[in-house]
Amino acid sequence: METLKKNKEFNNVYNNSNSFATRHLVLYLLSVPENENNRYGLSVSKRIGNAVIRNKLKRRLREIIREFEKKYNFNSYHIIFIARNPVVDLNYGQMKKDVKKLYKKAGLI
RNA sequence: UAAGUCGACCAUUUGAUCGCAUCUUAAUAGAUGAGGAAAGUCCGAGCUCCAAAGGAUAGGAUGCCGGGUAACGCCCGGUGGAGGCAACUCCCAGGCUAGUGCCACAGAAAUAUACCGCCUCUAAAUGAGGUAAGGGUGAAAAGGUAAGGUAAGAGCUUACCGGAUUUUAGGUAACUAAAAUGCCAGGUAAACCCCAUUCGGAGUAAGUCCAAAUAGGAAGAAUAAAAGAGUUAUCCGCUUUUCUUCGGGUAAGGACGCAUGACUAAACAGGCAACUGUUUGGCUAGAUAGAUGAUCAAAUAAUACAGAACUCGGCUUACAGGUCGGCUUAUUUU
């Protein structure tokens, strides 16, 4: 899984893309012209919780992304996930359903 | 058995599949991978760079005594004070006899006093003097109680208690005990201050090395050499050139620092202890937008607080549930 790293790249996605949201997560999706692998950015703010909680969220999201990459085939996107406050209460299965919903909304799968 | 008190420890484990980071390997693959507080960043050090003749002043920190330690504001042992029936716990615990400041209100008087009262003198008094026993005010009124003593009184005298000073004895010391003298005299230093000890600054984004890039500029120097324009030519000056300095931009470049250390376990020796020494053994995170997750199965009390970022020693704060031990008090039984 390749990641978006620089502030410039994040801003580029925020300004030029469509966003989709559920109660727990927000998704930004930008299609890039060059044919390359998907790149992901995860954003979990300090308001969500302490370091342990934020780390756990990011790890779960990464695992979910990995599973979807394996299952479906889509390419050349920059994708950003933003965690919202209520996401803390979800378990892994519920989070996975939420992400699937977002992907459907965005027309990826 | 109950209540209490002190101390130590655990902080999930095992297997399977998929995935991440580091290391090993030609490769398949294999090994390892967050804490008791990793936290707060409150002290103390190592390490690195910068600064630095020496001294004084200012400023900060610490503050009973002795010991431990690389060091400390930490730890251990003791002394004094406070709390508890006790085990035990708590204490920013130097100096007000260096100086200065402050102590409301009440009260006659607050570091000095005679308002009422008592006693004496005088023919008598609203006068003069003596007196701190009694009253009243206050947080505090010249040490308390009893007896003697006296005109009335008073450490004026005596006994006991309290306090101060001196001496002697014990203790490394803080301090403790006894005796003598004899009652001269408040509190506050978390008030200024005084005394003793101590303190250079910045932090791993420290810093070291390598690579890449030195475009277009600014300032200064040199005309030794070369070129150009102007000039008949030379000199001189100008532009280019050469050298030095300055600042700007790109790649959030790479490697080291960076994981064996004032480390730790056991035994033995020294010490009441903190701790120290010797021998044998152990060491298995090291990222750089930042690695530990998902699913299934089994066991368990393991559900809390919580995520390494240069490294150590402490302190402080957060914390579910559980295990073990010492001691105290009460009750019951033998």
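Presented here is a report on the structure given in the accompanying data block. From a predicted model like this one, the values you see are computed outputs, not experimental measurements.

### A closer look at the overall build of chain A
From N to C terminus, chain A includes three helices and five strands. Each helix and strand of chain A, placed in order from N terminus to C terminus, yields the pattern β-α-β-β-β-α-β-α. Split into buried and exposed, the 109 residues of chain A put 40% on the buried side. Sequence-distant contacts, at least 24 apart, represent 80% of the contacts inside chain A between residues at least 6 apart. Entry remark: accessible area of chain A is about 6900 Å², with carbon and sulfur atoms responsible for 44%.

### Concerning the side chain of Arg 54
Its location among the elements puts Arg 54 in helix 2 (residues 51-71). In this structure Arg 54 comes out as buried when scored by relative accessible area, which is 19%. With near-sequence residues (within four places) excluded, Arg 54 lies in contact with Val 44, Ser 45, Lys 46 and Gly 49.

Parameters and conventions
- Residues numbered from 1 in each chain as written.
- Chains lettered and ligands numbered in written order.
- Predicted model: local features only at pLDDT ≥ 70, side-chain atom pairs only at ≥ 80, totals over all residues.
- Heavy atoms only, no water.
- Helix = DSSP H or I, 4+ residues; strand = E, 2+ residues; numbered from the N terminus.
- Buried < 20%, exposed > 50% of the residue type's maximum accessible area, 1.4 Å probe, protein only.
- Contact = heavy atoms within 4.5 Å.
- Areas by Shrake-Rupley, 256 points an atom, 1.4 Å probe, with all protein chains shown as cover.

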